[in-house]
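Structural features, examined
Spelled out, the chains give:
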Amino acid sequence: MGNEPEKIIELVNVSKIYRMGNEKIYAVDNVSFDIKKGEFCCLLGTSGSGKSTLLNLMAGIEKATSGKIIIKGKNIPKMNENSLARFRQRHLGFVFQAYNLINSMTALENVEFPLVFKRVPGKKRRKLAKEMLVKVGLGSRLAHKPKEMSGGQQQRVGIARAFVAMPEIVFADEPTGNLDTKTTIEVMELIKQMARDNNQTIVMVTHDRSLAAYADKIIHILDGKIQSVEVTDRDAGEDMQEHLKEVSQRLLLDRGGDAVTINRNAE
Ligand code: ADP
Ligand code: MG
């Protein structure tokens, strides 16, 4: 047995309860799992199952009602706003379904933005942002504003912005939700490649089963609870991994039960 990869994210009995008048909504209901450094993890579930809430809890955008969320050794719900903001700038990147670019800024300025917070000097900032935009295939669109680009191009800018500061973890909430099939594949390949190149950890929310084929680990969510966890073996080599992905994709498409569930988290 080799060295176990470091657990970069660990959730222990995490719940988020929303109160609506007299009603309690268990958006996240006593969830525990971990994600290892360099893993591509997918939170998969239907609309309303609690995926975005779970992601927002991990990112510290919302506060858990109970439980521990340890990221890089820090318990996120216990952190104050200032340290959380610094933690986010230092370690986290975000990709959004609606791209969330700043409309008055060019592609280059949007990608520079996270580096401003990190106090990277202007010249270096522009160099890094430009390199990143070249990497995502937008070297000829540096001066374009979001409205002057297609959805796919805007999401490439979004990806460049998420990765430019080399965060160890990138959270993505339905990053291809507004894109057509061909652009979806391009964007997914890009995210996978970026993460692979720098051993970055990806936590991606989706309702689309076919996208889960990109993941090393698939966490199935239903009604705020974990239904099952699927793991594909990273050390199996590229060929085997491709094969496993094909098989799991096929099984996912026509399965009724949990044939590919290796590691089941019984509630
Ligand atoms: P998903 O991202 O899987 O579609 P969400 O995490 O957005 O699901 O929502 C999970 C559940 O929590 C839903 O029933 C939703 O209506 C509820 N919910 C989400 N945010 C709030 C909120 N701010 N106040 C009350 N209920 C919420
Ligand atoms: Mg959502």
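Use the structure listed above.
Notes on the structure follow. Predicted, not measured: the structure shown is a model, and the values here were computed from it.

What follows concerns the overall build of the chain. The secondary structure content of the chain amounts to 7 helices and 10 strands. Across the 267 residues in the chain, those meeting the buried criterion constitute 49%. In the chain, the share of contacts with a sequence separation of at least 24, taken over all contacts with a separation of at least 6, comes to 71%. Carbon and sulfur atoms provide 49% of the accessible area of the chain, an area that totals close to 13500 Å².

Burial analysis of strand β3 (residues 40-44) places 5 of its 5 residues in the buried class, the great majority of the element. In β3, alternate side chains face the same way, and those of Phe40, Cys42 and Leu44 on one face and Cys41 and Leu43 on the other are all buried. Pairing analysis gives 5 bridges linking β3 to strand β8 (residues 201-206), with the strands arranged parallel. Its bridge partner being in β8, Leu43 is matched across the sheet by Val205.

Counting residues in hydrophobic clusters, the biggest one holds 41 residues, and the most contacted among them are Leu133, Ile159 and Phe163. Where this core is concerned, the elements lending two or more residues are β3, α3 (107-117), α4 (122-135), α5 (151-163), β7 (169-173), α6 (181-198) and β8. With 6 residues, the single largest contributor to this core is α6. When residues no more than four places from it in sequence are discounted, the contact partners of Phe163 are Met132, Val170, Ile191, Met194, Ala195, Gln200 and Ile202. Core analysis: the second largest hydrophobic core is formed by 32 residues, Ile8, Ile9, Ile69 and Val229 among them.

Considering all chains together, one arrives at 3 aromatic pairs under this definition. Measuring from ring centre to ring centre gives 6.2 Å for Phe94 and Phe96, while their planes differ by 15°; the resulting arrangement is stacked. Owing to a relative accessible area of 28%, Phe96 belongs among the partly exposed residues under this scheme. Arranged with centres 5.5 Å apart and planes meeting at 80°, the rings of Phe113 and Phe117 form a pair that is edge-to-face. Placement of both Phe113 and Phe117 in helix α3 is noted, with a separation of 4 residues, approximately one turn of the helix.

Reading guide: rules and limits
- Residues numbered from 1 in each chain as written.
- Chains lettered and ligands numbered in written order.
- Predicted model: local features only at pLDDT ≥ 70, side-chain atom pairs only at ≥ 80, totals over all residues.
- Heavy atoms only, no water.
- Helix = DSSP H or I, 4+ residues; strand = E, 2+ residues; numbered from the N terminus.
- Buried < 20%, exposed > 50% of the residue type's maximum accessible area, 1.4 Å probe, protein only.
- Contact = heavy atoms within 4.5 Å.
- Areas by Shrake-Rupley, 256 points an atom, 1.4 Å probe, with all protein chains shown as cover.
- Pairing = 2+ DSSP bridges.
- Core = buried A, V, L, I, M, F, W, Y, C linked by side-chain atoms within 4.5 Å.
- Phe/Tyr/Trp six-rings, centres within 6.5 Å; stacked < 30°, edge-to-face > 60°.

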